[in-house]
Amino acid sequence: MKKTILFFLFLLILTSFSADKISWVAIGDSITYLNDHPNETSNRTTKGYMTLVTEKLPNINFVNQGHNGWTSADIADKIESLGIPQADIYSIFLGTNDWWQGRPIGNLGDYHKNTGSKTIYGAFKIIIEKINQLNPKAKIVLITPLQRGDFVYINGHKNNAFGSYKSKNNQTLSAVVDAIIEIGKFENMPVVDLFNKSGINQKNIVKYKWLKNPKTGEYKKYKYPKYIDVPFDTEKDEYPYPESSINMTFDGLHPSDKGYKVISKMIVKEFEKFEFLK
């Protein structure tokens, strides 16, 4: 009997030890950063995608390398000073800020030739090369940007941006997505294509936008695409996304709990293909 108890205790300890073995570094922007900072969403979110993934795959521990407002170039230029640790899995979830800032996409030649961080292709090359230096055997997963509606920062209305339903600096967000997919194909890396395959789209990013009717001055619920041309006064108007407007995002850009669940399910599906997680 004692031997049996000792054997099961040994198995329990072994299982607990194994559960800590797989490490994941999530590299990204505010969508990644907010996983550990729900207070900065006015507590409109409770769990980000990394927390949700590790609840489904408890053998994984994550490190949050999300940086508010950063582009792929910001990550690439500071890659040596970020303290990114060696890990088994790395995810790269960038591109939406590159699009908004009008950064050149470039082409696969920039990636081949490692031309630097001036283009999105070049920046991704720097990031991926650094990961390969840290652990040549690591699994790298690319995650495309989400479609985005009109963003208005909940803690400062002057911080706002129109959605991906139109181009910025003659570049579409979908073109950024295509670049990331092409890098994934070239490197034979899995791509979690949130833009095209998550089901998060302009119609469900938010339920409505709360805006003044320009003719009557009365507030009204405007659904996409009717809200596109309705003006929003950042200093005088009410916040356009009250809690009842929350759908896949809580502010037109950043995922709500509902949106994070969609993202996490797609990542889990990809992670589960790795042999060391089977």
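Residues numbered from 1 in each chain as written. Predicted model: local features only at pLDDT ≥ 70, side-chain atom pairs only at ≥ 80, totals over all residues. Heavy atoms only, no water.

Details of the overall build of the protein chain
Then, number 1: Summing up its helical and strand segments, the protein chain has 10 helices and 9 strands in all.
Then, number 2: For a compact globule of 278 residues, the expected C-alpha radius of gyration is about 19 Å, and the protein chain comes in at 21 Å, within 12% of that figure.
Then, number 3: With respect to the principal axes defined by its C-alpha atoms, the protein chain has extents near 80 × 55 × 30 Å.
Then, number 4: Evaluated residue by residue, the protein chain yields a buried proportion of 53% over its 278 residues. (Helix = DSSP H or I, 4+ residues; strand = E, 2+ residues; numbered from the N terminus. Rg over C-alpha atoms; globule rule 2.2 N^0.38 Å. Buried < 20%, exposed > 50% of the residue type's maximum accessible area, 1.4 Å probe, protein only.)

Side note on the environment of Leu94
Then, number 1: With respect to the helices and strands, Leu94 occurs in the loop between β3 (89-93) and α5 (96-100).
Then, number 2: Sequence separation of Leu94 and Val177 is 83 residues, and the distance between their C-alpha atoms is 9.7 Å.
Then, number 3: In this structure Leu94 touches Ile27, Gly28, Asp29, Trp70, Thr71, Ser72, Ile75, Phe124, Ile127, Ile143, Pro145 and Ile180, once residues within four positions along its chain are discounted. (Contact = heavy atoms within 4.5 Å.)

Details of the nonpolar core
Then, number 1: Core analysis: the biggest nonpolar cluster contains 43 residues, and Trp24, Tyr49 and Phe271 have the highest contact counts within it.
Then, number 2: Those elements that provide at least two residues to this core are β1 (22-28), α2 (30-33), α3 (49-56), β3, β4 (139-143) and α10 (257-271).
Then, number 3: When residues in this core are grouped by element, the largest group, 7 residues, is from α10.
Then, number 4: Counting residues in hydrophobic clusters, the runner-up holds 36 residues, among them Ala87, Ile105, Ile140 and Leu173. (Core = buried A, V, L, I, M, F, W, Y, C linked by side-chain atoms within 4.5 Å.)

As for the packing of α3 against α10
Then, number 1: Viewed as axis vectors pointing N to C, α3 and α10 meet at an angle of 50°, and their least axial separation amounts to 8 Å. On the basis of the axis angle, α3 is oblique to α10. In terms of crossing hand, the pair formed by α3 and α10 is right-handed. Facing α3, whose interface residues are Tyr49, Leu52, Val53 and Lys56, α10 presents Tyr260, Lys261, Ile263, Ser264, Ile267, Val268 and Phe271.
Then, number 2: For the contact of α3 with α10, the per-class residue count stands at 8 nonpolar, 1 polar and 2 charged. (Axes fitted to C-alpha atoms, helices over the stretch in contact; angles between N-to-C directions. Parallel < 35°, antiparallel > 145°, perpendicular 65-115°, else oblique. Left-handed = near helix turned anticlockwise from the far one by under 90°. Nonpolar A, V, L, I, M, F, W, Y, C, P; charged D, E, K, R; others polar.)

Considerations on the side chain of Arg103
Then, number 1: Looking at the element boundaries, Arg103 is found in the loop between α5 and α6 (108-113).
Then, number 2: Taking relative accessible area as the criterion, Arg103 reaches 10% and is therefore assigned buried.
Then, number 3: From its side chain, Arg103 meets the backbone oxygen of Ser117 in a polar contact 2.3 Å long.
Then, number 4: Excluding its chain neighbours within four sequence positions, the residues that come into contact with Arg103 are Thr71, Ser72, Ala73, Asp98, Ser117, Lys118, Thr119, Ile120 and Gln171. (Polar contact = N/O pair within 3.5 Å; in protein donor to acceptor, adjacent residues only side chain to side chain.)

Some words on the confidence of the model for the protein chain
Reading fine detail from the predicted coordinates is not recommended where pLDDT is low.
Then, number 1: Taken as a whole, the protein chain shows an average pLDDT of 94; of its residues, 93% reach a score of 70 or greater.
Then, number 2: Of the regions scoring below 50 in pLDDT, residues 1-19 engages in 3 contacts with residues more than four places distant in sequence or in other chains. (pLDDT = per-residue confidence, 0-100.)

Re the pattern of salt bridges
Oppositely charged side chains can pair when the atoms bearing their charge come close.
Then, number 1: Here the structure, examined in full by the defined rule, presents 7 salt bridges.
Then, number 2: Across the pair Lys130 and Glu80 runs a salt bridge whose closest N-O atoms are separated by 2.9 Å. A residue pair is termed long-range when its members are at least 10 positions apart, and Lys130 in helix α7 (residues 120-134) and Glu80 in the loop between α4 (72-77) and β3 qualify at 50 residues.
Then, number 3: A salt bridge links Glu235 to Lys158, with the shortest nitrogen-to-oxygen separation between them at 3.2 Å. With Glu235 in the loop between β9 (219-222) and α10 and Lys158 in the loop between β5 (151-152) and β6 (160-161), this pair connects stretches of sequence that are 77 residues apart. We note that Glu235, like Lys158, is exposed. (Salt bridge = Lys/Arg side-chain N within 4 Å of Asp/Glu carboxyl O.)

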